[in-house]
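Below are the chains, spelled out letter by letter.
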Amino acid sequence: MTGHGHVVARLLRMVQRQNRGPRWGTARVDGPSMLPTLCPGDLLLLRYGARPRPGAVVVARFGGGVVVVKRAVERRTRFDGSPGWWLRGDATDEEAAAAGAVGPVVDSRRRGPVADEEVLAVATARLWPRPRRLVRRAPRAPE
């Protein structure tokens, strides 16, 4: 194998070697809120049960059941006093609108911190269309 197929095969072998521990899965990005890091249609490799760290890309559930792909910015106290994660899209509202989004980016600026148990998975790699590992990076300053 050459090119992207080789990278995907290596990532899949890495997952197959995991005999225990967290479960693995995939998710497809829907919407422009993570531009330029991730584009609509990107296929992500997820590690369920992994503990997020600041700067990681995660899949989480906001109240009302909305499942999103966002960047974990920092730990914050939720309205009920419990700990949670402040999540942000990489794109600004203006960048997302320019890419076709209708309305503002849905993240913690509008929904508040997300409970730990609602952070469902950590994205470890993009499998398609350009396979690569996702590295943690410093998110934009929280608001």
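Let me sum up the structure you'll find in this document. (Residues numbered from 1 in each chain as written. Predicted model: local features only at pLDDT ≥ 70, side-chain atom pairs only at ≥ 80, totals over all residues. Heavy atoms only, no water.)

Regarding the overall build of the chain
A count of helices and strands for the chain gives 3 helices and 8 strands. Secondary structure elements of the chain, listed N to C terminal, follow the sequence α-β-β-β-β-β-α-α-β-β-β. Per-residue burial over the chain gives 42% buried out of 143 residues. If you take every contact in the chain between residues at least 6 apart in sequence, the share linking residues at least 24 apart comes to 60%. On the chain, roughly 8,000 Å² of surface is accessible, and the fraction owed to carbon and sulfur atoms is 53%. (Helix = DSSP H or I, 4+ residues; strand = E, 2+ residues; numbered from the N terminus. Buried < 20%, exposed > 50% of the residue type's maximum accessible area, 1.4 Å probe, protein only. Contact = heavy atoms within 4.5 Å. Areas by Shrake-Rupley, 256 points an atom, 1.4 Å probe, with all protein chains shown as cover.)

A closer look at the pairing of strand β4 (residues 67-77)
Across 5 bridges, the pairing between strand β3 (residues 57-61) and β4 is antiparallel. Across the sheet, residue R61 finds its bridge partner in β4, namely V67. Hairpin connection from β3 to β4: 5 residues lie between these consecutive antiparallel strands, with G64 at a positive phi of about 85°. Bridge analysis of β4 against strand β5 (residues 83-88) gives 6 bridges, and the strand direction is antiparallel. The residue bridging R71 from the neighbouring strand is R88, located in β5. (Pairing = 2+ DSSP bridges.)

Regarding the side chain of D107
Within the secondary structure, D107 is located in the loop between α2 (93-98) and α3 (108-111). In terms of polar contacts, D107 uses its side chain to reach the side chain of R109, at 2.9 Å. Ignoring anything within four residues of it in the chain, the contact list for D107 reads F62, K70, L87, R88, G89 and G112. (Polar contact = N/O pair within 3.5 Å; in protein donor to acceptor, adjacent residues only side chain to side chain.)

Points about the pattern of salt bridges
Counted under the stated rule, the structure contains 12 salt bridges. The partner of R78 in a salt bridge is D80, and the shortest N-O contact between them spans 3.8 Å. A relative accessible area of 22% means that R78 is categorised as partly exposed. Relative accessible area serves as the criterion here: at 57%, D80 is assigned to the exposed category. Notably, a salt bridge pairs R109 with D93, separated by 3.9 Å at the nearest N-O pair. Of this pair, R109 sits in helix α3 while D93 sits in helix α2, placing them 16 residues apart in sequence. (Salt bridge = Lys/Arg side-chain N within 4 Å of Asp/Glu carboxyl O.)

Digging into the nonpolar core
Counting 12 residues, the largest nonpolar core consists of A27, V29, M34, L38, L44, L46, V57, V59, V69, A121, A123 and L134. Of all the secondary structure elements, the ones that give two or more residues to this core are β2 (43-48), β3 and β7 (119-128). Sequence-distant contacts of V29, defined by excluding residues within four places in its chain, comprise L38, C39, P40, G41, D42 and L44. Grouped together as the second largest cluster of nonpolar side chains are 11 residues, A56, V58, F62 and V114 included. (Core = buried A, V, L, I, M, F, W, Y, C linked by side-chain atoms within 4.5 Å.)

Section: the pairing of β2
The pairing of strand β1 (residues 24-28) with β2 spans 5 bridges and is antiparallel. Each residue of the ladder has a partner; that of W24, found in β2, is R47.

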